[in-house]
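# Overview (structure and organization)
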Amino acid sequence: MSSYVFDFAQGNKDQRDLLGGKGANLAEMVNLGLPVPPGFTITTEACRAYLVQGRDPDGLAEEVSSHLAALEEAMGRRLGDPTDPLLVSVRSGAKHSMPGMMETVLNIGLNDASVAGLATQSSDERFAFDSYRRLLQMFGATVLGVESEVFADQLDALKDRRGTSQDTQLDVADLRELVATFQQVILDHTGREFPQDPREQLDLAVRAVFDSWNTERAVLYRRQEQIPEDLGTAVNVQAMVFGNRGETSGSGVAFTRDPASGNQGVYGDYLTNAQGEDVVSGIRNTVSLADMGEIDRASHDQLLEIMSTLEHHYRDMCDIEFTVEQGKLWMLQTRVGKRTPEAAFRIAVHMVDEGLIDLDEAVRRVNGAQLAQLMFPRFDPEAERTLLATGMNASPGAAVGRAVFDWATAVEWAERGEDVILVRKETSPDDLHGMVVARGILTSRGGKTSHAAVVARGMGRTCVCGAEALEVDAREGRFTVRGGKTVEEGDLISIDGSTGEVFDGAVPVADSHVVRWFEGEEVDEPLVHAVGRIMEHADAARRLRVRTNADTAEDAARARRFGAQGIGLCRTEHMFLGERRELVENLIVAEGEEGQRAALDALLPLQRDDFTAILEAMDGLPVTIRLIDPPLHEFLPDITELSVALAIADTRGHRKKRERRLLEAVTRLHEQNPMLGLRGVRLGIVIPGLFTMQARAILEAAVLRKRAGGDPRPEIMIPLVASVRELDLVRRRIDAVAREVAEESGVELDVKIGTMIELPRAALTAGEIAGSAEFFSFGTNDLTQMTWGFSRDDVEAAFFSTYLEQGVFGVSPFESLDITGVGALVRRAAEDGRAARPDLHLGICGEHGGDPASIHFFDEVGLDYVSCSPFRVPVARLEAGRSALARS
């Protein structure tokens, strides 16, 4: 039979799958000999069994009883004993950190009898009743489902009656009254008394933690962070230590480095006479660790020693929760800390310089999503601005939006296209929906370790916390700057998560320093130096080359500055838009071969000029040019608009011969499903002069570049091939044009001809197609549509949100490659193609070429390159390096 419960002394940090991150790290701290209150972990296996069966798995109750007895023996007290009670905390702890998303209950074991025993044992009646009211408040909200605001409102009302703003200033009589009030709240809202049996409290709390795995906010967070749904959470049952036992006690959260900037040195928040939830909730503003040193030097110094031990042991920045109980330091949790993108790069490089890790590990510690965040704009330093307030720089970035004061409004406004800043006194896990859609988060309370700060850093959201000058009134939808301006819901504000500043109105933004560095500017900044070192090592490590998708010389030049090693997709259809649309219309309405030839002859020099500029921008690097792909009707006027214009003209007696011919063409070319109609290679077969004109323009452009001393390397790509016969028909004509251009110019060119693999049939017959293609480029956008049977423009708005909610897929298959389905086609086509032609060059030019998870798959199946938009080239370079190191 499975063992569902493990003592802290039985595990280690490598057992996160079984014990969850919190349980594994508690076990590791015990192994290191650090002061950890004893306890035990109920495994993720127990949670999964509970969620499947809808009840406790067989044997769990007996195992909990056995470990609880051992804990009672170690502590010399029994759970809820009326004379000297053992109290425990019950905390969630999944494999992946999900801050604030699941439940915690403190002080389990208190009841109407044991609270008196705790008062006697501690000689502190106030402390005992403060602990009891905390249990009632947390248990009522998390286990029994009473809205937390009901308890908060009762607490605020009592403080108002006593004329105080701090709960620490309530006396024992006040807390006795509050306990009675909270018990009545529970009875009124649930119809049952608060359970007095300590074991019933424990069992209900454990089940509540299990159930919290599937709460709406937890599911949303996992979807946002792409955490698998089937992992479950562990539960940690731990002997309570108390930070709320007076001025010689307290609780805190600390980081071994600044999680916002990456600066070296310890950072954290501390509250005297408080339990841990007070610190992370932001209900009371904290003091720094330096201030803690003035309050309790011995505990402070011991904490610093332990932080150093943990950082060197984990070889990473650590996030630590601790409690001081009457001068005794206890460690409650450690984990590798969440950090901002800037901090991730800087910490990785600092740790290389300190000898803790090597450059390989530094590259593994960062990722493409973080690099993309660093490339977002910042506020223009030269722009005028009006400062409203300054808080904690909790998560960097520049965010501009309209102030909203609750998560529901944030979601509503974001869905209609508004950029919003979510403004709260302090956030709670229930605010997650609003935090996901907001451009930034602003709170008047809390510090760098508050819920808002931790979640914002994890999601890459700009965040300013603890702006104490703001009086936030969420009910009225406004905040007032102390002694100054009032900002109403809907007013524009700007927040700078790097400085903690809050500005009135919209502040203009400027390119990030990282982008300026990629563009070739000299930028003397620690972050840029860190990015440069990591990018250099990633480039040296990677096998996979990175090209760009570019249709203009300007895009090509920018991508080259960003490190692109060629063009993987140049879309020629974009060259036919704008002023040139009329020339395409001439081709479509042309009568006879002579008319078509005249229209094509007019397009040829324009195409040649386009290709000459692009080949010049990418001189010496491959340029894959896709012949025209979309259906011709996309270049024609809308059929309804054209019909109306002609009808109006007829009523006025005007003759519109060209427009009438256009309408006839639009009608003739109309298709029920044009994406599956006359497009791609089919156009090249039906209108052969179109593809041969484009091929001639490419070849003549290459001749011009070569005569100018350049090194042009064009590649001609034929789209939407499903049969090798289609490819052969078009290739024969292009080869003939190539011979003509060589004879006319006297210049020999080596131009590869290949095809896009974007249809399932092409992937399944890749071995045959490879006989006529020198390269494959996987068009994963269309391949995804064809494999799933999706029309992307229709389905994303129609039902993707439902599919995501119900777990049909964890992320849109258009954002990250469906490796199981579409990936299987890519793998088979690559293997069959290379088996038929060993020197077959393989690449990918869909949007997945810039997606980090997809890049790792493309590297693993042996593609030669990925191609993506210019802005994503650095991301792809980094991820290609990370992929190579992950497999080394």
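Right above here is the structure, for reference.
Strand order in the open sheet formed by eight strands is 14-24-23-16-17-18-19-15, and the pairing between neighbours is mixed. Of all strands in the sheet, those with a lone pairing partner are strand 14 (386-390) and strand 15 (392-395), marking the two edges. Neighbour to neighbour, the strand axes of the sheet diverge by 30° on average, direction disregarded. Across four bridges, strand 23 (residues 492-496) lies against strand 24 (residues 501-504) in antiparallel orientation. Paired with Ile493 across the strands is Asp504, a residue of strand 24.

It is worth spelling out the side chain of Glu311 at this point. Relative to the helices and strands, Glu311 resides in helix 12 (residues 297-314). On the basis of relative accessible area, Glu311 is assigned to the buried category, the value being 7%. Setting aside chain neighbours within four positions, we find Glu311 in contact with Thr256, Arg257, Asp316, Met317, Cys318, Met351 and Leu356.

To continue, consider the nonpolar core. In this structure, Phe345 and Ile718 are the most contacted members of the largest nonpolar core, which totals 121 residues. The element that contributes the greatest number of residues to this core is helix 27 (residues 688-707), accounting for ten residues.

In this section: the sheet that holds strand 9 (residues 264-272). With respect to topology, five strands assemble into an open sheet ordered 10-9-8-11-12, the strand pairing being antiparallel. Strands with a single pairing partner mark the edges of an open sheet, and in this sheet they are strand 10 (287-288) and strand 12 (328-336). The sheet contact formed by strand 8 (residues 250-257) and strand 9 spans seven bridges and is antiparallel. Bridge assignment links Val253 to a residue of strand 9, and that residue is Asp269. The strands touched by helix 12 within the sheet are strand 8, strand 9, strand 11 (318-325) and strand 12, with strand 12 carrying the most contacts at an inclination of about 25°.

Two elements in contact, helix 31 (residues 780-788) and helix 34 (residues 822-836), have axes whose closest approach is 9 Å; the angle formed by their N-to-C orientations is 120°. Helix 34 is crossed by helix 31, and the crossing has right-handed handedness. Where helix 31 approaches helix 34, its residues Leu783, Thr784, Thr787 and Trp788 are matched on the opposing element by Val822, Leu825 and Val826. Taken together, the residues of the contact of helix 31 with helix 34 sort by class into five nonpolar, two polar and no charged.

In total, this model carries 20 aromatic pairs according to the counting rule given. Ring centres of Phe799 and Tyr803 lie 4.8 Å apart, and the angle between their planes is 50°; on these two criteria the pair is classed as tilted. The class for Phe799 is partly exposed, based on a relative accessible area of 26%. Accessibility expressed as a relative area gives 29% for Tyr803, which makes it partly exposed. Through a chain of ring-to-ring contacts, three or more aromatic side chains come together here, namely Trp788, Phe790, Phe799, Phe800, Tyr803, Phe809 and Phe814. Stacked on the ring of Phe127, the Lys or Arg Arg245 has its end atom at 5.0 Å from the ring centre. The cationic tip of Arg547 hangs over the ring face of Tyr865; the distance from NZ or CZ to the ring centre is 3.9 Å.

Here eight bridges tie strand 11 to strand 12, and the two strands are oriented antiparallel to one another. From the neighbouring strand, Cys318 faces strand 12, where its bridge partner is Val336. Hairpin connection of strand 11 to strand 12: two residues between the antiparallel strands, including Gln326 at a positive phi of 50°.

Quick look at the side chain of Ser745 now. Mapped onto the secondary structure, Ser745 falls in helix 28 (residues 724-745). Judged by its relative accessible area of 18%, Ser745 is buried. At 2.7 Å, the side chain of Ser745 and the backbone oxygen of Val741 are in polar contact. Not counting the four nearest positions on each side in its chain, Ser745 is found in contact with Val703 and Arg707.

A word on the state of the cysteines. In this structure the tally under the stated criterion is zero disulfides. Not engaged in a disulfide, the cysteine Cys570 finds its nearest cysteine sulfur in Cys845; these two sulfurs lie 11 Å apart.

A separate point is unusual backbone geometry. With phi around 55°, Ser123 is a residue other than glycine that occupies positive phi space. Inspection of the secondary structure puts Ser123 in the loop between helix 4 (114-122) and helix 5 (125-142). Accessibility expressed as a relative area gives 69% for Ser123, which makes it exposed. Phi angles above zero are rare outside glycine, and Gln326 is one such case at about 50°. Residue position: Gln326 is located in the loop between strand 11 and strand 12.

Analysis parameters
- Residues numbered from 1 in each chain as written.
- Predicted model: local features only at pLDDT ≥ 70, side-chain atom pairs only at ≥ 80, totals over all residues.
- Heavy atoms only, no water.
- Pairing = 2+ DSSP bridges.
- Helix = DSSP H or I, 4+ residues; strand = E, 2+ residues; numbered from the N terminus.
- Axes fitted to C-alpha atoms, helices over the stretch in contact; angles between N-to-C directions.
- Buried < 20%, exposed > 50% of the residue type's maximum accessible area, 1.4 Å probe, protein only.
- Contact = heavy atoms within 4.5 Å.
- Core = buried A, V, L, I, M, F, W, Y, C linked by side-chain atoms within 4.5 Å.
- Left-handed = near helix turned anticlockwise from the far one by under 90°.
- Nonpolar A, V, L, I, M, F, W, Y, C, P; charged D, E, K, R; others polar.
- Phe/Tyr/Trp six-rings, centres within 6.5 Å; stacked < 30°, edge-to-face > 60°.
- Lys NZ or Arg CZ within 6 Å of the ring centre and 35° of its normal.
- Polar contact = N/O pair within 3.5 Å; in protein donor to acceptor, adjacent residues only side chain to side chain.
- Disulfide = S-S within 2.5 Å.

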